[in-house]
Structures are given as C-alpha cells and as structure tokens.
Amino acid sequence: MALNQSEALKLIYACLGEINSERTADSHLKEAPDTGLLGSSGELDSLELVNLVVRLEALLADRLDRAVVLVDERAFDGGHQPFRTVATLASYLVEKARLAA
Amino acid sequence: MNQSLAGRVVLVVGSGGPLGESLCRFLLDRGAKIVGCSRSKTTIEHPGFSHQVCDIADEQAVVNMFYLLERAQETPDTVILNAASSATSMVALLSVAEIERVVGTNLKGASLVLREALKRMTLKRFGRVIALSSIRVSIPARGSAIYAMSKAGLEQLIRVLPFEVEDSDITFNAVEISVLEGGMAAKLSEAERASLVASLAIKRFCSPADVCNAVEFFARPESSYVTGQILKLGFV
C-alpha cells in the first residue's frame, strides 16, 4: 500500500503532537516540513527520538497492515540524514512504505 | 493461590527446553498469560498459553512475531530471555559457525527481542525484562569462553538499558544460574559434579524452582525499584 508525502507528514505531525504534550508550551515543536529533528538544527532529545520512531512504526503498521522497521543502516547516515527535518523524514517514510509494499 | 502476575503478558523466549517449560508453567500458575517462543513447537497446552515458532537471530522473524502479538492483543509487558546456544570448544578450536551460532542467539537474538519489546514497553511506560545468564560469567572455566562472552554481553545490555528508559516503570535484571539440575549437570561425570557442587556456596545444583522464584521476584510490580541487577543463584 503506497504512502504519499502528504500522508507521511500527517503521521509525523500526529507523533509530534504526542511529543509536544510532554513539553512545555513554549518549547513545542512546530508541525511544519522545515522543523528540525536531528543534526545541527535538531530539536529532539534522544528519548524523544525513540518515542518518535516507536510511534511512527506503530502508525505505519496500522496504515500498511504490516510491520515496518524504520531504523536501518541508512536511518542515521550522515549523508542521507532522513531524520534531519520533518520533510526529509516524510520522504524516508514514503520510501520505506514503497519498499514494504 | 498466588496470582502475583495476574493480568500480565509474559514472553518466554526459549520456552522449548526443560527450564523454559518450567518457567511457562510456573508463570501460568501465577496468573500470567504466557507467549512461548522457540524454534520448535511446544507440548504445553493451557488456555493461557500461546506459542510462536521463531528464530530470534532472524530480524524479520522477530519483527513479525511482535507485530502478530500486537494484532492478537498479546503484546508482552514482560520478557524472559531464556534462549541460549551453548558451546564447549576451547578458543583455539572454535569454528566460525560455532561463534555465529552462539553470538547469533545469545547476543544478536536477545538484542532484537529487546529492541522490539522496548518499543512497546516505552509506549506503555511499563515493562519487566529478565535475562537468564550463567555462572560462567563470574567463574571462568575451560571451554566456556564463547558462551561466557555472549552471556557477559547480555549482562552488560541489562546494565545499560536502565539508562535508556526514563519516567517509566521498566526494569532490567539478570539471573546467573549456577548449574541447572537436569540441564548442564546431566552431562557431567560424578567427579565433575562433586567438584562443581563443592565450589558453590549452597551445596546443591540449581533447580528450575529456584530460577522461577528469582524470576517472579524481578517480574512483580512491587520490584519497580530493582533494576540493572545481576543475581547470582547458589554461588557468590
């Protein structure tokens, strides 16, 4: 089952909403494609990253009706950096969904 | 009847051997629902027991197992790592196949199971992980190198993981078993048995009931302040 960029963004925003619910109002992550996640502009701490991955995998499993593992050799690769921003992560999800289909 | 684990879902990895079966039956008696996991089918028949055939060294098999359990609403909140591949070769005689088999089950397999289990436990903010280890980590013996190395790695995993969960009631502990009656002990000569027993603080081999008792202690909800511990059973 395919996943497009817009659908992938919605999944990520749902997860950011969960993460924001545990942050103070003045430190909420913006639900926008250019929001930094990891790297120099990254805003997630290590436990929030774990939460994001876990929640995204659960949402993807529901959406695709199969198990998906987001973390592989490419996930934190310096060149690809799929977790750099919300937009790069959305593209990564689209690709993962395509491979899982 | 002691129902200390009522309502819990316990994944017993390595449910196929005598100790695994004893653990399953014991935990069923304590009110838990049990998911057994082993490479071959099991003989346990109980309404609270289900079984998954899975080679834990196979990433996709482990991922699929947890996915299926989730779909069946049997997501484990407790994991007992009892699966182990043993080896008795001296290092100079080790084959690559032997190294890969032991490390594959005892380290890679355990890590994969914990990775998938922790994802679920993190969301629920609750979990108990209990790894079964060996006296050979603390007391070296000829021919135990690769096995003891893998178990030492497993114990290190147990010590590190408490630092990777936060604001949650997830604990990680291990039990070092001396010599299991009916297990390794059955393969020893009388002289070896006598020598081994003499080296223990408690002058008898470990029974499955001894292991079950320790596992229950770590699994109980009241044990939330006990984590990263390695319990030595019967020896010091």
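Above this text you will find the structure in question.
Quick summary incoming for the structure in this document. (Residues numbered from 1 in each chain as written. Chains lettered and ligands numbered in written order. Predicted model: local features only at pLDDT ≥ 70, side-chain atom pairs only at ≥ 80, totals over all residues. Heavy atoms only, no water.)

The subject of this paragraph is the environment of A:L60. Note on placement: A:L60 falls in helix α2 (residues 46-64). Sequence-wise, A:L60 and A:A97 are 37 residues apart; in three dimensions their C-alpha atoms are separated by 8.0 Å. (Helix = DSSP H or I, 4+ residues; strand = E, 2+ residues; numbered from the N terminus.)

Another point: the packing of helix α1 (residues 5-20) of chain A against α2(A). Residues and elements named next belong to chain A. Put simply, α1 and α2 touch, their axes get as near as 9 Å, and they point 135 degrees apart. For the element pair α1 / α2, the angle class is oblique. As for the relative orientation of α1 and α2, their crossing is right-handed in sense. Where α1 abuts α2, its residues E7, L11, I12, A14, C15, E18 and I19 lie against E48, L52, R55, L56, L59, L60 and R63. Class assignment for the residues of the contact of α1 with α2 results in nine nonpolar, no polar and five charged. (Axes fitted to C-alpha atoms, helices over the stretch in contact; angles between N-to-C directions. Parallel < 35°, antiparallel > 145°, perpendicular 65-115°, else oblique. Left-handed = near helix turned anticlockwise from the far one by under 90°. Contact = heavy atoms within 4.5 Å. Nonpolar A, V, L, I, M, F, W, Y, C, P; charged D, E, K, R; others polar.)

Quick look at the layout of surface pockets now. Of the voids in this model, the largest pocket is the one considered here, and its volume is about 1,400 Å³. Along the wall of the largest pocket there are 48 residues; nearest its centre are B:A84, B:S86, B:Y147, B:M184 and B:K187. Split into classes, the residues belonging to the lining of the largest pocket amount to 20 nonpolar, 20 polar and eight charged. Looking at the second largest pocket, its volume works out to about 490 Å³. Taken together, 20 residues form the lining of the second largest pocket, with A:V50, B:R115, B:L118, B:K119 and B:E164 sitting closest to its centre. At the level of secondary structure, the elements contributing two or more residues to the lining of the second largest pocket comprise α2 of chain A together with α3 (96-124) of chain B. Of all the elements, α2(A) adds the most residues to the lining of the second largest pocket, at seven residues. Its residues placed into classes, the lining of the second largest pocket shows 13 nonpolar, three polar and four charged. (1 Å grid on protein atoms, 1.4 Å probe; cavity = no way out; pocket = protein on both sides within 12 Å on 5 of 7 lines; lining within 4 Å. Points joined across faces, edges and corners; volume = space filled by probe spheres on them.)

Worth remembering: the numbers are spatial, not functional.
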